[in-house]
Amino acid sequence: MELGIAGKRALVCASSKGLGRGCAEALAEAGVSVVMNARGAEALEAAATEIRAAHGSEVITVAADITTEEGRAKVLTAAGPVDILVTNAGGPPPGMWSDWDRDDFIAALDANMLTPIALMTALLPGMMERGWGRVVNITSQSVKAPIPVLGLSNAARAGLTGYVAGTARQVAPHGVTINNLLPGIHATDRAVALDRGVAEAEGITLDEARAKRAATIPARRYGTAEEFGAACAFLCSQHAGFIIGQNILLDGGAVNATL
Ligand code: NAP
């Protein structure tokens, strides 16, 4: 399908690996000029080089921590006016409800709620002025069905979801859409880290932990960064202009709910 966004400019945060990279790659494939970001410069440059070689599109890299004010300033300055914003950052660590104090919550809110909000605050006015824009926030299936060991994530992402629900309806009259993509388990470094924790806790191998988790997913496998990126690119396309303020699960059927 022709997505109709060739020549647009996108900022894809936290995109040297995993789901962010999948989104950057799918947008580049659609002819979008992409600004990629991550903290580690080496992996970021490697990903950008591969994407340029594969799709021939312009790729700009900005090594910075997107969860800090200085990092965001650096990224926003390099990005300039963008038509498409994909927000993403690393997820908070797992634990028990009794493990976390105020500082832990502030860090989680900063990374997974206030950072996407700050990026939207900076970039929505330009999109509205130009009469076209797309924002996709990478959140989590934990928004629909809590993952008990990810209480920090459950809390921060719920806050972002509430913000998007209202804001998406305020910017929609200006041709700007905001939606959230909710990943279930995808085969990325993050999933390996979570599986390793389970393997250690249960005294099983990493492969056993992965197989055990895959068996709980109706699709019987983990998702891929490529299929996640394709869904993101569709939400950023000309065809998705009537999709406003939605929370779209990509979870292989893992969340057992009718709606
Ligand atoms: P990943 O494979 O670990 O990749 C994370 C990417 O984000 C890397 O490129 C990393 O590069 C970058 N990054 C992390 N923190 C950053 C920061 N502060 N500033 C800039 N870049 C940063 O993770 P993922 O699996 O793609 O997950 C992406 C998001 O989806 C996370 O929030 C995760 O919690 C959520 N999620 C993932 C899954 C899943 O199954 N994979 C499921 C539900 C939710 P650097 O480390 O070099 O910065």
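Here the residue index of a chain counts from 1 through its sequence in written order. Two thresholds apply to this predicted model, a pLDDT of at least 70 for residue-level local features and 80 or more for giving and counting side-chain atom pairs, whereas whole-chain, interface and lining totals are computed over all residues. To obtain the side-chain values, all non-hydrogen atoms of the structure were used and water was disregarded.

Comment: elements are numbered from the N terminus, with helices defined as DSSP H or I runs of at least four residues and strands as E runs of at least two. One can find Thr-61 in strand 3 (residues 59-63). The buried label goes to any residue with under 20% of its type's maximum accessible area, the exposed label to any with over 50%, and the partly exposed label to all in between, with areas taken from a 1.4 Å probe on protein chains only. The exposure class of Thr-61 is partly exposed, given its relative accessible area of 22%. A sequence separation of 111 residues divides Thr-61 from Ala-172, and the C-alpha atoms of the two residues are 29 Å apart. We call two residues in contact when some of their heavy atoms are within 4.5 Å. Contact partners of Thr-61, with chain neighbours within four places excluded, come to Met-36, Leu-44, Glu-45, Ala-48 and Arg-52.

We now examine the pairing of strand 3. Two strands make a pair as long as DSSP finds a minimum of two bridges between them. With five bridges connecting them, strand 2 (residues 33-38) and strand 3 associate as parallel partners. Residue pairing across strands places Val-35 opposite Ile-60, the latter belonging to strand 3.

This brings us to the confidence of the model for the chain. A score between 0 and 100, pLDDT records how confident the predictor is in each residue. Averaged over every residue, the pLDDT of the chain is 97; the share at 70 or more is 100%. Averaged pLDDT values for the elements of the chain fall to 90 in helix 6 (residues 189-202) and rise to 99 in strand 4 (residues 84-87).

Moving on, we come to the side chain of Arg-9. Note on placement: Arg-9 falls in strand 1 (residues 9-12). Since its relative accessible area comes to 19%, Arg-9 is described here as buried. One polar contact links the side chain of Arg-9 to the main-chain carbonyl oxygen of Ala-79, over a distance of 2.7 Å. If near-sequence neighbours (up to four positions away) are discounted, Arg-9 is found in contact with Val-32, Ser-33, Val-35, Glu-58, Ile-60, Ala-78, Ala-79, Pro-81, Val-82, Asp-83 and Ile-84. Counted as a polar contact is a pair of N or O atoms within 3.5 Å, where, for protein atoms, one must be capable of donating a hydrogen and the other of accepting one, and residues adjacent in sequence contribute only when both atoms are in side chains.

Two aromatic rings, drawn from Phe, Tyr or Trp (for Trp, its six-membered ring), form a pair once their centres lie within 6.5 Å of each other, and the interplanar angle then sorts them: stacked below 30 degrees, edge-to-face above 60, tilted otherwise. Counted by the stated rule, this structure contains one aromatic pair. Aromatic pair Trp-100 and Phe-105: ring centres 6.2 Å apart, planes at 85°, arrangement edge-to-face. Classification of Trp-100 by relative accessible area gives buried; the value is 14%. Our definition puts a charge over a ring when NZ of Lys or CZ of Arg is within 6 Å of the ring centre and also within 35 degrees of the ring normal. One cation-aromatic arrangement involves Lys-8 over Trp-132; the distance from NZ or CZ to the ring centre is 4.0 Å.

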